[in-house]
Amino acid sequence: MRTILIVDDQPEITELLKLYLEKEGYRVLEAHDGMDAFMLISTEKIDLMLVDLMMPVLDGYQLIKKVRETRQIPIIIISAKNEDNDKILGLGLGADDFIQKPFNPLEVVARVQALLRRSYNYSSEETGTSQESKTRKKTVGDLTLDEATFSIIRKDDVIQLTKIEYKILELLMASPGRVYTKQQIFENVWNDYYMGGEEDNTINVHISKIREKIEELPKKPVYLKTVRGLGYKFEKKST
């Protein structure tokens, strides 16, 4: 049974979501501020988090940042804050999805199921028992993507990646020089339909975060290149 942690300071919100999620067979835990949530994460096996942004003690932004320092738990933000900057910041800190309040609880359940399905399928592949699956690496120029440690190595520095960052790099580094459109990236990485708009913003944020991790000069990338009007590509070697 999968365990969902709902983090929101409004009891009526947590109770509503708990009702719908338990109906689908999930075990649901509740926390009403970020610090209580972080303590629960230390003692419970959490499979996915639903996180509000505006909370006492430790807000959603701070909670996501602390969680991402040590864990790769799938995170969906549910918030009344709907400015693009709020979404970009939340996704940039490591959240996987963003749902605006007020919401349809059936949509939340569908998003939870989709994200768990993607995370579960990825974890199954990652924990394969063959020696080959444990040792496979992709190297392009000075960068090596390590499938066993969920990281990228740049000049002997090991850099941890989020699941989404990893999957984007895995896609692009598999075919260096090939241009991928945003639609191709979204549908391959998120395994969902591409509608443009919010999906574009989501991809842009993750590309920016990846560049901060792999490029010496993120604003002048030599690996992860933008192909204006088309999409992105990973250069075959640094220049």
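As the structure is a prediction and not an experimental result, all values here were calculated from the model.

### Thoughts on unusual backbone geometry
Logical step 1: Looking along the chain, the bond that leaves Lys101 and enters Pro102 is cis, with omega of -5°.
Logical step 2: Along the chain, Pro102 turns up in the loop between strand E5 (97-100) and helix H5 (105-126).
Logical step 3: Located in the positive-phi region is Val57, a residue other than glycine, with phi close to 70°.
Logical step 4: Within the secondary structure layout, Val57 lies in the loop between strand E3 (48-51) and helix H3 (60-70).

### Focus on the packing of H3 against helix H4 (residues 84-93)
Logical step 1: Two elements in contact, H3 and H4, have axes whose closest approach is 9 Å; the angle formed by their N-to-C orientations is 20°. Accordingly, the angle class assigned to the pair H3 and H4 is roughly parallel. Note that H3 runs across H4; the crossing there is left-handed. Of H4, the residues touching H3 (which contributes Tyr61, Ile64, Lys65 and Arg68) are Asp86, Leu89, Gly90 and Leu93.

### Examining the sheet that holds strand E9 (residues 157-160)
Logical step 1: The antiparallel open sheet is built from 4 strands, whose spatial order is E6-E7-E8-E9. Because the sheet does not close on itself, it has two edges, and the strands there are strand E6 (137-140) and E9. On average, each strand axis in the sheet is tilted by 20° relative to the strand beside it, whichever way the strands run.
Logical step 2: Bridging between strand E7 (residues 143-146) and strand E8 (residues 151-154) involves 4 bridges; their strand directions are antiparallel. Across the sheet, Asp146 pairs through a bridge with Ser151, a residue of E8.

### Considerations on helix H8 (residues 182-189)
Logical step 1: All of the buried residues along H8 are Ile185, Phe186 and Val189. Each buried residue of H8 sits inside an arc of 95° when the element is viewed along its axis, so together they form one side.
Logical step 2: Phi for Asn191, located one or two positions after H8, is positive at around 55°.

### Thoughts on the side chain of Glu235
Logical step 1: Along the chain, the position of Glu235 falls in the segment after strand E12 (231-234).
Logical step 2: Of the polar contacts made by the side chain of Glu235, one reaches the side chain of Lys225; its length is 3.4 Å.
Logical step 3: Dropping the residues within four chain positions of it, Glu235 is found in contact with Val140, Pro176, Val222, Tyr223 and Lys225.

### A short note on the pattern of salt bridges
Logical step 1: The final tally for this structure, using the stated rule, is 14 salt bridges.
Logical step 2: Between Asp97 and Arg111 there is a salt bridge, with its nearest N and O atoms 3.0 Å apart. You can see Asp97 sitting in strand E5 and its partner Arg111 sitting in helix H5, a full 14 residues away along the chain.
Logical step 3: By relative accessible area, Asp97 is classed as buried at 18%.
Logical step 4: The residue Arg111 makes a salt bridge to Glu107 at a minimum N-O spacing of 2.7 Å. Here the residue Arg111 and the residue Glu107 both occupy positions in helix H5, the gap between them amounting to 4 residues, near one helical turn.
Logical step 5: In this structure, a network of salt bridges that share partners links the residues Arg2, Lys45 and Asp47.

The rules behind each value
- Residues numbered from 1 in each chain as written.
- Predicted model: local features only at pLDDT ≥ 70, side-chain atom pairs only at ≥ 80, totals over all residues.
- Heavy atoms only, no water.
- Helix = DSSP H or I, 4+ residues; strand = E, 2+ residues; numbered from the N terminus.
- Axes fitted to C-alpha atoms, helices over the stretch in contact; angles between N-to-C directions.
- Parallel < 35°, antiparallel > 145°, perpendicular 65-115°, else oblique.
- Left-handed = near helix turned anticlockwise from the far one by under 90°.
- Contact = heavy atoms within 4.5 Å.
- Pairing = 2+ DSSP bridges.
- Buried < 20%, exposed > 50% of the residue type's maximum accessible area, 1.4 Å probe, protein only.
- Arc of directions from axis to C-beta.
- Polar contact = N/O pair within 3.5 Å; in protein donor to acceptor, adjacent residues only side chain to side chain.
- Salt bridge = Lys/Arg side-chain N within 4 Å of Asp/Glu carboxyl O.

By themselves, these observations are geometric and do not establish any function.
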